[in-house]
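As a plain string of letters, each chain reads:
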Amino acid sequence: MVEGCFVPLGGGLNGLRRRNQGVRVCSRVVPTAVAKTPKIGEFCEADEHGFKHINLRERKKLNKPGSALQIGGKYFMRELRGMYSQLSDEVNVLLGGRRRLSISEKLQFTLDDEKVRAMEAAREEETQLLASSSFISRSIYQCTCIFLDFVFVNRPIPRFWLLETVARMPYFAYLSVLHLYESFGWWHVSELRKIHFAEDWNELHHLLIMEALGGDALWSDRFLANHAAVVYFWILVITYFVSPSTSYKFSELVENHAADTYEQFYKENEELLKTIPAPDIAKQYYERGDLYMFDVFQTESPLGSRRPTCDNLYDVFVNIWGDEKEHVKTMEACSDYTNMGELVQSPHERYYGFNDDLLYPHETETE
């Protein structure tokens, strides 16, 4: 999991050190000051950047596999404490107290929703992607964008965290359906599963980066994201059963929106972002991670063509924007595959020229 993240300065971590205890973090990767009970955000004196960068170790007894009752019970109690903490904070503010600030709030990033909408309108004039989508897809997409603009006003990091939580669901859904098809013996294209898994792996690291920046600090944001993700997953499973092309096209819409939002964010906050170091999880993924997996989902790019730098937080968001653009290209290629039979290939398959008869024996037999 994560070997480092941003945490606010405070007594919780120092207290653990004074008691000679290891730094502990729950399996959800809590971006707040680490203590027995994670809090939604600590208000504390900070350094010149508003945070301190430290290494964290997973607490093994919470990270091991367990029964659904064990894992679900721990999650429920953790979220119950989070709900109580957030409600207590709101009551404290109503009584004239000071609100505890999460990391993302302390950094004071901004996001101009009007400019994001203008970017989307300019892109739509060129591509006509939204206009060519079904009425249901257009309606769901437009309602979702309006909802995000309303709920996450001046809260870009929590917005990105929710987007990344939901953004993994298409790949979960595609993999689930493709596994089912293989189990029934209906259809077998392992290359497509590999690409979708790599896409999920990429979105996972986007999610962990947002957690390192405090995007999941509020219980209400976690509640909304997790429930939206479950609903979205089953919608996509049903859609993929009925029409894979429609499912891929809707994902292309969502990825385009994400790319536009990230682009506006890093341009709008460029000066501030360049003063903040990149979290360890970003460096691990983009510089020291599994670059094979990083290349796999970029089906329209040459093998090894992207080796992004990760010196500061500006680089991180530029990298994430580049990833989202690659997702758009891959979703478009997948849609073409379902409509016209143009095989989707990872950069490795194209570069090494693997034998299609070996990769797709079922298709060869049917021909």
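Residues numbered from 1 in each chain as written. Predicted model: local features only at pLDDT ≥ 70, side-chain atom pairs only at ≥ 80, totals over all residues. Heavy atoms only, no water.

Our next topic: the overall build of the protein. Along the backbone of the protein there are 18 helices and two strands. The 367 residues of the protein split such that 49% are buried. A fraction of 79% describes how many contacts in the protein between residues 6 or more apart in sequence connect residues 24 or more apart. A total of about 17900 Å² of accessible surface is found on the protein, and carbon and sulfur atoms cover 58% of it. (Helix = DSSP H or I, 4+ residues; strand = E, 2+ residues; numbered from the N terminus. Buried < 20%, exposed > 50% of the residue type's maximum accessible area, 1.4 Å probe, protein only. Contact = heavy atoms within 4.5 Å. Areas by Shrake-Rupley, 256 points an atom, 1.4 Å probe, with all protein chains shown as cover.)

Turning to the packing of helix H11 (residues 244–268) against helix H15 (residues 313–340), a few remarks are in order. H15 packs onto H11 with a crossing angle of 160 degrees between their chain directions and a minimal axis gap of 8 Å. On the basis of their axis angle, the class for H11 and H15 is roughly antiparallel. For the element pair H11 and H15, the recorded crossing hand is left-handed. In terms of residue class, the contact of H11 with H15 is built from 15 nonpolar, seven polar and six charged. (Axes fitted to C-alpha atoms, helices over the stretch in contact; angles between N-to-C directions. Parallel < 35°, antiparallel > 145°, perpendicular 65-115°, else oblique. Left-handed = near helix turned anticlockwise from the far one by under 90°. Nonpolar A, V, L, I, M, F, W, Y, C, P; charged D, E, K, R; others polar.)

Taken as a whole and assessed by the stated rule, the structure comprises 24 aromatic pairs. Arranged with centres 6.2 Å apart and planes meeting at 20 degrees, the rings of Phe197 and Trp201 form a pair that is stacked. With a gap of four residues between them, Phe197 and Trp201 both fall in helix H9 (residues 190–212), about one helical turn apart. Aromatic pair Tyr262 and Phe317: ring centres 6.1 Å apart, planes at 45 degrees, arrangement tilted. In this pair, Tyr262 is assigned in helix H11 and Phe317 in helix H15, connecting sequence segments 55 residues apart. For the pair formed by Tyr262 and Phe317, the shared burial category is buried. Linked through ring pairs, Phe109, Phe160, Tyr262, Phe265 and Phe317 together constitute an aromatic cluster. (Phe/Tyr/Trp six-rings, centres within 6.5 Å; stacked < 30°, edge-to-face > 60°.)

Nonpolar side chains collect at one region of the surface, where Phe76, Met77 and Leu80 lie side by side and expose about 280 Å² of accessible area between them. Here Phe76 falls in the exposed class, since its relative accessible area comes to 53%. (Patch = residues over 30% accessible without salt bridge, like charges linked within 9 Å, V, L, I, M, F, W, Y side chains within 5 Å. Salt bridge = Lys/Arg side-chain N within 4 Å of Asp/Glu carboxyl O.)

This paragraph deals with the environment of Ser133. Tracing the chain through its elements places Ser133 in the loop between helix H5 (113–127) and helix H6 (135–151). In this structure Ser133 touches Arg138, Lys249 and Leu253, once residues within four positions along its chain are discounted. A distance of 2.8 Å separates the side chain of Ser133 from the backbone oxygen of Leu129, its partner in a polar contact. (Polar contact = N/O pair within 3.5 Å; in protein donor to acceptor, adjacent residues only side chain to side chain.)

Bringing the packing of helix H7 (residues 156–167) against H9 into the picture now. Each pair of packed helices gets described by two things: the angle between the helix axes and the distance between those axes. Taken N-terminus to C-terminus, the directions of H7 and H9 make an angle of 155 degrees; their axes are 9 Å apart at the nearest point. Judged by the angle between their axes, H7 and H9 are roughly antiparallel. The handedness of the crossing between H7 and H9 comes out as left-handed. Facing H7, whose interface residues are Ile157, Phe160, Trp161, Glu164, Thr165 and Ala167, H9 presents Glu203, His206, Leu207, Met210 and Glu211. A class-by-class count of the residues in the contact of H7 with H9 yields six nonpolar, two polar and three charged.

Relative to the helices and strands, Arg307 is located in the loop between helix H14 (291–296) and H15. Residue classification places Arg307 among the partly exposed residues on the basis of a relative accessible area of 40%. Sequence separation between Arg307 and Glu287 is 20 residues, and the spatial gap between their C-alpha atoms is 7.6 Å. For Arg307, the contacting residues outside a window of four places in its chain are Leu291, Phe294 and Asp295. Looking at Arg307, its side chain comes within polar contact range of the side chain of Asp295, at 2.9 Å.

A few words now on the confidence of the model for the protein. Averaged over every residue, the pLDDT of the protein is 78; the share at 70 or more is 78%. Below pLDDT 50 for its whole length, residues 1–62 participates in 146 contacts with residues either more than four positions away or in separate chains. Confidence over residues 355–367 falls short of pLDDT 50; this stretch has 17 contacts with residues more than four positions distant or in other chains. (pLDDT = per-residue confidence, 0-100.)

Should the charged atoms of two oppositely charged side chains come close, the side chains can pair. Scanning the entire structure with this criterion turns up 16 salt bridges. As a salt-bridge pair, Glu114 and Arg117 come within 2.5 Å of each other at their nearest N and O atoms. Of this pair, Glu114 and Arg117 both sit in helix H5, three residues apart, roughly one helical turn. Since its relative accessible area comes to 53%, Glu114 is described here as exposed. For Arg117, a relative accessible area of 34% corresponds to the partly exposed category. Residue Arg123 is joined to Asp260 by a salt bridge in which the shortest nitrogen-to-oxygen separation is 2.7 Å.

For the rest of this paragraph, the subject is the nonpolar core. Among soluble globular proteins, nonpolar side chains are generally buried collectively. Counting residues in hydrophobic clusters, the biggest one holds 70 residues, and the most contacted among them are Ile209 and Phe317. Aside from chain neighbours lying at most four places away, what touches Ile209 is Pro279, Ile281, Ala282, Tyr286, Val316 and Ile320. (Core = buried A, V, L, I, M, F, W, Y, C linked by side-chain atoms within 4.5 Å.)

A few words now on the side chain of Asp260. Note on placement: Asp260 falls in helix H11. With relative accessibility at 6%, the residue Asp260 sits in the buried group. With residues up to four places along the chain from it excluded, the contact list for Asp260 reads Met119, Glu120 and Arg123.

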